[in-house]
Amino acid sequence: MAKEDRNLAIDKIRALKGFDELKQLAEEWQRVASNLDQLPKKTGLLPNCLFSVHPGTVTPAILDLLVQFLEENQLLQFVGVTKVVRFVLDFSPELSRFPAFPRLIETFRDAAGFRGSYKGLACIDISEWLNDLHDLRFLRFLEYCADYRDDVLFIFFIPPAEAEMTKEVEAVLLPFFRLRHLKLTFANTRELYHYVQDCLQEQGFAVDEKAASALKEIIADISKLRSFKGHHTLNQLASNIIYEKCCRERLTEKTITIQDLGLLGPDGPWNKQARRQKAPYTRKLGFNMETKPEEWRRSRC
């Protein structure tokens, strides 16, 4: 077990805003780690995971935190040139072709480097196959991944779906993997606002009371859009606020007022553009959206 330390991954996970089911899973795995000294065989102990997520929810920073947690608790061995493999399983309409499969094999080979085989965390977006779960090519892919299950912890990504669809995905995966399904959602509007507020404060800007109220309404509105990409969208929002403030006049004071939010309201061009965007549900679901290094680690009362 890792020694007492303020920077333990479990403490950082507990401090995250939202991610309640991920926190619950980490607590379970923490208890498992406390019993490792009683188990002669430790490989293949953890269940693999199915994450139902919106785009931008599970960022590289979150995955790095999960890797840190697994390493500190000696729950997973990491061997290779990278600790996390991220892969999108593309769908091919031609039944005789499956170009994603050899690409996956090559990805694992590259991740192993000069080692014999890769050991670590593999995050695979299977969202393009939700309508073809019983396709022999998809089952072949699962069979291939199952051969690695003692050395690789798999996390399969799908978008939030109806309960019936989610159960079907689980039914297809269960013959190949022990599985834990997690529904990971964004934090509430108040916490999303605090994230944007932190972005503004890093540039020395404060938000007055009226602007804060309006900004919360803006965030509540855009977070309901299917095009909402989590931290990525919030970073864009903060950058737009700062840009509009800077391009209007020379900064003599750095307080965001209601006037500075005019173009960002429900009828503003930025919000209208966000509404026109199509939901990116079919490619690179969660782990492609970068965020700030210290995302959601600040505690709020």
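Residues numbered from 1 in each chain as written. Predicted model: local features only at pLDDT ≥ 70, side-chain atom pairs only at ≥ 80, totals over all residues. Heavy atoms only, no water.

Observations concerning unusual backbone geometry
So, step 1. Phi at Gln74 is positive, roughly 55°, even though this residue is not glycine.
So, step 2. Within the secondary structure layout, Gln74 lies in the loop between α3 (60-72) and β2 (84-88). (Helix = DSSP H or I, 4+ residues; strand = E, 2+ residues; numbered from the N terminus.)

Examining the state of the cysteines
One covalent bond between the sulfur atoms of two cysteine residues makes up a disulfide.
So, step 1. In the structure shown here, the tally under the stated rule is zero disulfides.
So, step 2. Unpaired in terms of disulfides, Cys49 finds its nearest cysteine sulfur in Cys123, a separation of 9.4 Å.
So, step 3. Residue Cys49 is classed as buried on the basis of its relative accessible area of 1%.
So, step 4. No disulfide involves Cys246; its nearest neighbouring cysteine sulfur is the one of Cys247, lying 7.8 Å away. (Disulfide = S-S within 2.5 Å. Buried < 20%, exposed > 50% of the residue type's maximum accessible area, 1.4 Å probe, protein only.)

Quick notes on the packing of helix α7 (residues 189-202) against helix α8 (residues 209-222)
So, step 1. Between α7 and α8, the least distance of the axes is 9 Å, while the angle of their chain directions is 115°. In the packing of α7 onto α8, the handedness of the crossing is right-handed. Across the interface between the two elements, Thr189, Leu192, Tyr193, Val196 and Leu200 from α7 touch Ala212, Leu215, Lys216, Ile219 and Ala220 from α8.
So, step 2. Tallied by class, the residues present in the contact of α7 with α8 amount to eight nonpolar, one polar and one charged. (Axes fitted to C-alpha atoms, helices over the stretch in contact; angles between N-to-C directions. Left-handed = near helix turned anticlockwise from the far one by under 90°. Contact = heavy atoms within 4.5 Å. Nonpolar A, V, L, I, M, F, W, Y, C, P; charged D, E, K, R; others polar.)

Some details on the nonpolar core
So, step 1. In terms of nonpolar packing, the biggest core is built from 35 residues, with Trp29, Phe51, Phe69, Leu70 and Leu121 touching the most fellow members.
So, step 2. Looking at this core, the elements with two or more residues in it are α1 (9-14), α2 (20-33), β1 (48-53), α3, β3 (120-125), β4 (152-158) and β5 (179-184).
So, step 3. For this core, the element with the highest residue contribution is α3, accounting for seven residues.
So, step 4. With near-sequence residues (within four places) excluded, Phe51 lies in contact with Leu22, Val58, Ile155, Phe156, Phe157, Ile158, Leu182 and Leu184. (Core = buried A, V, L, I, M, F, W, Y, C linked by side-chain atoms within 4.5 Å.)

What about the confidence of the model for the chain?
So, step 1. Per-residue pLDDT for the chain averages 83, and the proportion of residues at 70 or more is 84%.
So, step 2. In this model, residues 278-301 is a region of pLDDT below 50 whose contacts with residues beyond four sequence positions or in other chains number 92 contacts. (pLDDT = per-residue confidence, 0-100.)

Some words on α2
So, step 1. Taking 1.5 Å of rise per residue, the 14 residues of α2 would be expected to cover 20 Å, and the 20 Å separating its terminal C-alpha atoms lies within 8% of that figure.
So, step 2. Among the residues of α2, Leu22, Lys23, Leu25, Ala26, Trp29, Gln30 and Ala33 are the ones counted as buried. All buried residues of α2 lie within an arc of 160° about the axis, which places them on one face of the element. The exposed residues of α2 that point more than 90 degrees off its buried face are Asp20 and Arg31. (Expected span 1.5 Å × (residues − 1). Arc of directions from axis to C-beta.)

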